[in-house]
Structures are given as C-alpha cells and as structure tokens.
Amino acid sequence: MELLDKLNWRYAAKAMNGKKVADEKIERILEASRLAPTSSGLQPFEIIVVKNQKIKEQIRPVAWNQSVITDCSHLLVFAAWDTYTAERINYMFDLTNEIRGFKNEGWENYRQMLLASYPQKDEKENFNHAAKQAYIALSLAIVAAAFEDVDATPIEGFEPNAVDKILGLREKGLRSAVLLPIGYRNESEDWLVNLKKVRKPMKDLVTIIN
C-alpha cells in the first residue's frame with residue numbers, strides 16, 4: 001500500500017517554494033531513472049540536471065512562463081538521442097559484454113539486426129522512438145520523487161528548439177523531450193494543492209480478457 005499511498009499524495013505541483021532538495025534524494029531519483037527499462041536496453045537519452053538559476057531563468061520564458069521552472073530545486077531535462085547510430089548501438093552492446101564478462105552468439109546476432117535496421121531509419125522516426133524510452137525513465141523519476149516526499153511536475157509545454165539551443169543539446173546529438181522540475185510544493189500559491197485527485201474509474205480504464 002505504501003506505493004499507492006505515495007502516488008495518491010503526489011500531483012503535478014503548479015507552484016514550488018524554492019527549497020532545495022537534498023543531494024542524496026536527487027541521486028536516488030536519478031538512479032531510479034537510470035534503472036528504467038528501455039527498448040533493447042539502449043537507454044537512448046540523457047538527463048540534464050539544471051541547478052544553475054540563470055539557466056532556469058532563460059528556460060522559463062520558452063516554457064510558457066511556468067513558475068515551477070525557476071522555483072524548483074533542480075530542473076531535469078530528459079533529452080533523447082536525435083537518431084540511432086552504429087556507434088551508439090555498439091557502445092551499449094560492448095558495455096553489456098564488458099559488464100557481463102562474456103559474449104553471447106544470440107546477443108551478437110541481435111546487435112547485427114539492430115545495426116541493419118535502426119541507423120537506416122528516418123531521423124524523426126528514430127527520435128520519436130528514443131523519446132518514448134525517455135518517458136519511461138521520466139515515469140520512474142516521478143515515482144521515486146514521490147517516495148522521497150518530493151514534488152515533480154512533468155512538463156511538455158515548452159519550445160524544444162529553444163531549450164535545445166540554451167543547453168547546447170543539438171551539438172551533443174540530443175533533443176529535449178520533456179522537462180521535470182523537482183522541488184517542494186508552495187501550498188499557499190498552488191491552486192491545485194487541495195483539490196481531489198481525479199482519475200478514470202478502473203472500469204473505464206482497464207479491460208480484462210480472460
């Protein structure tokens with residue numbers, strides 16, 4: 001029940017109070033994201049942790065002027081690969097072989113299958129696929145934040161090209177996918193704080209096929 005209690009407690013805070021989140025809490029939130037499952041285990045994204053207040057102030061105007069951008073403790077930017085390349089794919093397969101200490105024929109065949117597929121696809125298609133993987137990590141960051149009694153507000157309302165320019169992401173082969181301010185709710189300023197959580201009833205959400 002603890003998990004459900006934490007998820008019922010959390011909501012997308014619309015105002016934060018600027019209080020700093022302890023480094024060890026941020027580290028655990030990031031570790032949860034690092035442990036997220038991704039397609040073929042490629043982890044096709046990076047997480048940019050913005051602590052610098054001046055940079056947050058630059059991002060706020062291109063994020064619909066949302067106050068949580070500047071009033072959060074840490075702004076997490078989930079940046080997906082702009083495309084899949086042979087170098088990126090090989091890095092993850094080589095890393096797997098190094099950590100596990102052996103090579104597997106089936107795994108190597110799977111490597112070749114990906115190399116013959118992903119890099120040849122359209123960059124837009126590849127980015128969209130990579131961004132979906134970043135969202136899986138985003139979800140775990142939100143859950144981990146709730147466990148730390150920390151607020152996390154996922155934000156899609158921003159201008160990706162502008163954020164990419166501010167953070168120099170395109171030069172790194174990355175594109176911003178979603179933002180996640182981390183901090184503490186400002187209960188006196190947040191209109192949403194005392195409203196009941198609204199979700200579809202289970203019967204309208206889940207279909208069981210026996």
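The structure reproduced in this document is the subject of the present report. Since this is a predicted model, take the numbers as computed values, not measurements. (Residues numbered from 1 in each chain as written. Predicted model: local features only at pLDDT ≥ 70, side-chain atom pairs only at ≥ 80, totals over all residues. Heavy atoms only, no water.)

### Some details on the packing of helix H1 (residues 2–9) against helix H7 (residues 123–147)
At a minimum axis separation of 9 Å, H1 and H7 run at an interaxial angle of 95 degrees. In terms of axis orientation, H1 runs roughly perpendicular to H7. Taken together, the residues of H7 that come into contact with H1 (itself represented by Glu 2, Leu 3, Lys 6, Leu 7 and Trp 9) are Val 143, Ala 146 and Phe 147. Of the residues contributing to the contact of H1 with H7, the split by class is 6 nonpolar, no polar and 2 charged. (Axes fitted to C-alpha atoms, helices over the stretch in contact; angles between N-to-C directions. Helix = DSSP H or I, 4+ residues; strand = E, 2+ residues; numbered from the N terminus. Parallel < 35°, antiparallel > 145°, perpendicular 65-115°, else oblique. Contact = heavy atoms within 4.5 Å. Nonpolar A, V, L, I, M, F, W, Y, C, P; charged D, E, K, R; others polar.)

### Some thoughts on the sheet that holds strand E1 (residues 45–50)
With antiparallel pairing, 4 strands are arranged side by side in an open sheet as E1-E2-E4-E3. The strands lining the two open edges of the sheet, one partner per strand, are E1 and strand E3 (151–152). Pairing of E3 with strand E4 (residues 174–183), which is carried by 2 bridges, proceeds in the antiparallel orientation. By the bridge assignment, Ala 152 is partnered in E4 with Ile 182. (Pairing = 2+ DSSP bridges.)

### Focus on the nonpolar core
One finds Leu 42, Ile 59, Leu 75, Val 77, Ile 89, Leu 167 and Leu 179 to be the most contacted residues of the largest nonpolar core, which totals 37 residues. Contributions of two or more residues to this core are made by E1, helix H4 (68–71), strand E2 (74–81), helix H5 (86–100), helix H6 (105–115), H7, helix H8 (160–167) and E4. Looking at which element gives the most residues to this core, the answer is E2, with 5 residues. Residues contacting Ile 89, with those up to four places away along its chain left out, are Leu 42, Tyr 84, Leu 114, Leu 115, Tyr 118 and Pro 119. By size, the runner-up hydrophobic cluster in this structure holds 21 residues, among which are Val 21, Val 150, Ala 152 and Val 178. (Core = buried A, V, L, I, M, F, W, Y, C linked by side-chain atoms within 4.5 Å. Buried < 20%, exposed > 50% of the residue type's maximum accessible area, 1.4 Å probe, protein only.)

### Quick notes on the pattern of salt bridges
Applying the stated rule across the entire model yields 10 salt bridges. Two residues, Arg 88 and Asp 82, come together in a salt bridge whose shortest N-O distance is 3.0 Å. Notably, a salt bridge pairs Arg 170 with Asp 164, separated by 2.8 Å at the nearest N-O pair. Residue classification places Arg 170 among the partly exposed residues on the basis of a relative accessible area of 41%. (Salt bridge = Lys/Arg side-chain N within 4 Å of Asp/Glu carboxyl O.)

### Digging into the environment of Ala 80
Turning to its location among the elements, Ala 80 is positioned in strand E2. Residue Ala 80 is classed as buried on the basis of its relative accessible area, which comes to 0%.

### Some thoughts on the side chain of Arg 185
Here Arg 185 shows up in the loop between E4 and helix H9 (202–205). Arg 185 sits in the buried class, given a relative accessible area of 14%. Within the structure, Arg 185 has its side chain in polar contact with the backbone oxygen of Trp 9 (distance 3.4 Å). Setting aside residues no more than four positions away along its own chain, Arg 185 makes contact with Trp 9, Arg 10, Tyr 11, Ala 13, Ala 15, Met 16, Asn 17, Asp 151 and Val 193. (Polar contact = N/O pair within 3.5 Å; in protein donor to acceptor, adjacent residues only side chain to side chain.)

### Observations regarding the packing of aromatic side chains
Taken as a whole and judged by the stated rule, the model has 5 aromatic pairs. Pairwise contacts between aromatic rings join Trp 81, Tyr 84 and Tyr 118 into one cluster. The residue whose ring lies beneath Lys 19 is Tyr 184, and the NZ or CZ to ring-centre distance is 4.9 Å. Here Arg 185 stacks its cationic end above the ring of Trp 9, 4.1 Å away from the centre of that ring. (Phe/Tyr/Trp six-rings, centres within 6.5 Å; stacked < 30°, edge-to-face > 60°. Lys NZ or Arg CZ within 6 Å of the ring centre and 35° of its normal.)

### Observations regarding the pairing of E4
Within E4, 9 of the 10 residues are buried, which leaves it mostly tucked inside the rest of the structure. Examined bridge by bridge, E2 and E4 share 8 bridges and lie antiparallel to one another. Along E4, the bridge assignment pairs Val 77 with Leu 179.

### Quick word on H5
Counted at 1.5 Å a residue, the expected span for H5 with its 15 residues is 21 Å, and the 21 Å between its end C-alpha atoms agrees. Looking only at H5, the buried set comprises Arg 88, Ile 89, Met 92, Phe 93, Thr 96 and Asn 97. Among the structural elements, E2, H6 and E4 are those in contact with the buried residues of H5. Phi turns positive one or two residues past the end of H5, at Gly 101, with a value near 80 degrees. (Expected span 1.5 Å × (residues − 1).)

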